[in-house]
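The residues making up each chain are set out below.
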Amino acid sequence: MTEEKNNLEDLRCIGCGAKIQTSDPKQPGYTPQSAIDKGLENDELYCQRCFRLRHYNEIAPVSLSDDDFLRLLSQIRNDDALIVYVVDIFDFNGSIIPGLHRFVGSNPVLLVGNKEDLLPRSLRRSKLRDWLRQQANLSGLRPINTVLVSAKKNHQIDNLLEVIDKERQGRDVYVVGVTNVGKSTLINQIIKQRTGIKELITTSRFPGTTLDKIEIPLDDGHQLIDTPGIIHQHQMAHVLSAKDLKYVSPQKEIKPRTYQLEPEQTLFMGGVARFDYVSGPRAGMVAYFDNNLPLHRTKLKNADEFYKKHNGELLNPPTKDELATFPPLERQEFHLTEKSDVVFEGLGWITVPAGTTVAAWVPKGISSLVRRSMI
Ligand code: GDP
């Protein structure tokens, strides 16, 4: 047993240089034992990620420690490159890479809003792009362009590649993003679109790190470089189990649900979020959440009690066995002077008319915010 462990410690993937390990599929260098045996036999040991990349033109996501990631990012500043920054349009705050504006230095940033396929048709794309740009400005970035895509549905990927080619002006391209924004799906689409590439190379060019970086050769000898995703704790993905996450993250084009709400009424989104209509006239409010997420209306004055009694049962997800680790909901109040979207990050939003006061409750660590209505 010990001997095997010692052997493992000396092994590195010949594709990316990562240390071979058999314990965590999400960490760099993961390789099933059987593949290690086979690899050693043939003198060609690739980690699972590089193996898949070579054989299926497909990459699997890995996670990295924050330190490694920051070290990688800080190298970007020294390169003359275009930075493609991928965000989840349903979770801007959960997509933020802290300090990115410092790491990119004077390099231009192209902002890519992913998961466009989930937006209802009635939502004006140009408004969402403007909003994404404003949000990026708030975090200190001045994107040269903003593109909406669906990596999953292959929408606008051609257009994105054209924009990248135009904006990079003969430079390398770095694709950056936190986990869960869909960066791997996007890179896989890009790889698929660029078939004809004979050999996809994965190398570890950064000293002191064992990063499995994916380099996709571009026509002029430059590279499109996929950087590993950093884990952002403030995402629904870290609050719920993978199974429940499926029930709350929108999966298909959202069908808006309209509620005529009286003041002092509450709407529960399963047990993961809550919306209070505090004051204003009787009004139509439109909810944009996953089509299967159950919404429940109650009286505001009973809402606390109702939540205590029914969370994990009638109000689910979360499921009952997740309640122990599920964070408490925290309240934020908004006075709205124009028609606005009250955004529950990672979940969706409710469009609310002007002249109202409302409160949004989200699990501790997740954000809620208000933006001018997109519709
Ligand atoms: P990464 O961690 O950023 O590499 O993200 P992944 O590519 O693993 O995707 C995270 C989740 O988002 C997965 O459940 C994907 O199926 C989903 N996803 C990725 N791209 C899209 C998209 O364009 N639309 C939708 N609806 N879901 C997407």
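**Q** So what exactly am I meant to see when it comes to the site of the ligand here?
**A** The local shell around the ligand holds 15 residues, among which Asp 117, Asn 180, Lys 183, Ser 184 and Thr 185 are the closest. Ser 150 places a polar side-chain atom, nitrogen or oxygen, 3.2 Å from an oxygen atom of the ligand. When isolated, the ligand has an accessible area of 580 Å², and the protein chains bury 76% of it. No other element matches the three residues that helix α8 (residues 183–193) contributes to the shell around the ligand. Grouping the constituent residues of the shell around the ligand by class yields four nonpolar, seven polar and four charged.

**Q** I'm lost on empty space enclosed by the protein in this one. Help?
**A** Rolled over the atoms, a probe sized like a water molecule indicates the empty space that remains. As enumerated under the stated definition, the model contains one cavity of 30 Å³ or more in all. Computed from the structure, the largest cavity encloses a volume of approximately 30 Å³. For the largest cavity, the full set of lining residues is Ile 89, Phe 90, Val 343, Phe 344, Gly 348, Trp 349 and Arg 371. For the lining of the largest cavity, the elements supplying multiple residues, two or more each, are β14 (340–344) and β15 (348–352). Of the residues assigned to the lining of the largest cavity, the class counts are five nonpolar, one polar and one charged.

**Q** Sorry, what's going on with the sheet that holds strand β11 (residues 283–288) here?
**A** The strands that make up a sheet pair up through hydrogen bonds in the backbone, lying either parallel or antiparallel. Reading across from one edge, β8-β11-β15-β14-β17 is the order of the five strands in this open sheet, with antiparallel pairing throughout. Across the chains shown, the open sheet's two edge strands, defined by having one partner strand only, are β8 (257–261) and β17 (368–372). The sheet shows a mean angle of 25° between the axes of neighbouring strands, taken without regard to direction.

**Q** Looking at this structure, I do not really get the packing of helix α7 (residues 157–168) against α8. What am I missing?
**A** Think of two packed helices as two axes; the pair is described by the angle between the axes and how far apart they sit. Across the interface, α7 lies against α8 with an axial gap of 11 Å and an inter-helix angle of 85°. When the axes of α7 and α8 are compared, the pair comes out roughly perpendicular. Mapping the contact onto sequence places Ile 157, Asp 158, Leu 160 and Leu 161 in α7 and Leu 186, Gln 189, Ile 190 and Gln 193 in α8. Taken together, the residues of the contact of α7 with α8 sort by class into five nonpolar, two polar and one charged.

**Q** Got a minute to help me understand the layout of surface pockets in this structure?
**A** Of the volumes computed, that of the largest pocket is approximately 1,200 Å³. At the level of elements, α8 and α9 (242–248) are the ones that each hand at least two residues to the lining of the largest pocket. Residues that form the lining of the largest pocket fall into these classes: 15 nonpolar, 18 polar and 10 charged. Here the lining of the largest pocket spans two domains, and each of domain 1 (2–56) and domain 2 (66–232) adds at least three residues to it. One number sums up the size of the second largest pocket: a volume of about 230 Å³. Contributing to the lining of the second largest pocket are 13 residues, with Ala 35, Lys 38, Gly 39, Glu 44 and Phe 51 lying nearest its centre.

**Q** Help me understand the nonpolar core, please; the structure alone is not making it clear to me.
**A** Inside soluble globular proteins, nonpolar side chains tend to come together where they are buried. The biggest cluster of nonpolar side chains holds 59 residues, and the ones touching the most others in it are Val 84, Tyr 85, Leu 110, Leu 128 and Leu 132. Top contributing element to this core by residue count: strand β1 (residues 81–88), with seven residues. Formed jointly, this core draws a minimum of three residues from each of two domains, domain 2 (66–232) and domain 3 (257–372). Val 84 has contacts with Leu 110, Val 112, Ile 164, Val 173, Tyr 174, Val 175 and Val 176, leaving out every residue within four places of it along the chain. Formed by 38 residues, the second largest nonpolar core is a distinct cluster that contains Val 239, Phe 289, Phe 334 and Val 342.

Cut-offs used in this document
Counting of residues starts from 1 at the beginning of each chain's written sequence and follows it residue by residue. Predicted model: local features are reported for residues with pLDDT of at least 70 only, side-chain atom pairs are reported and counted for 80 or more only, and whole-chain, interface and lining totals are derived from all residues. To obtain the side-chain values, all non-hydrogen atoms of the structure were included, while hydrogens and water were left out. We call a residue near a molecule or strand when any one of its heavy atoms sits within 4 Å of it. Under the rule applied, a polar contact is a pair of N or O atoms within 3.5 Å (in protein, one hydrogen donor and one hydrogen acceptor; residues adjacent in sequence only if both atoms are side-chain atoms). Per-residue and other accessible areas were derived by the Shrake-Rupley procedure at a 1.4 Å probe size, with only the shown protein chains allowed to occlude residues. Runs of H or I in DSSP of at least four residues are treated as helices and runs of E of at least two as strands, each being numbered from the N terminus. Ten residue types, Ala, Val, Leu, Ile, Met, Phe, Trp, Tyr, Cys and Pro, are classed as nonpolar, four, Asp, Glu, Lys and Arg, as charged, and the remainder, Gly among them, as polar. Using only the protein atoms, space was sampled on a 1 Å grid; points where a 1.4 Å probe fits but cannot get out form cavities, open sets with protein on both sides within 12 Å along at least five of seven lines form pockets, and lining residues are those with an atom within 4 Å of a point. Grid points are joined across faces, edges and corners, and a volume is the space filled by probe spheres set on the points. Whether two strands pair depends on DSSP finding at least two bridges between them. Here an axis means a line fitted to C-alpha atoms, over the contact stretch when the element is a helix, while the angle between two N-to-C directions is reported on a 0 to 180 degree scale. If an angle is under 35 degrees, it is roughly parallel; if it is over 145, roughly antiparallel; if it lies from 65 to 115, roughly perpendicular; otherwise it is oblique. Here, two residues are considered to be in contact whenever any of their heavy atoms come within 4.5 Å of each other. For the purposes of this description, domain bounds are those given by an automatic or database domain assignment. Each nonpolar core is a collection of buried residues, namely Ala, Val, Leu, Ile, Met, Phe, Trp, Tyr and Cys, held together in the definition by side-chain atoms within 4.5 Å. When accessible area is computed with a 1.4 Å probe and restricted to protein chains, residues below 20% of their type maximum are described as buried, those above 50% as exposed, and intermediate ones as partly exposed.

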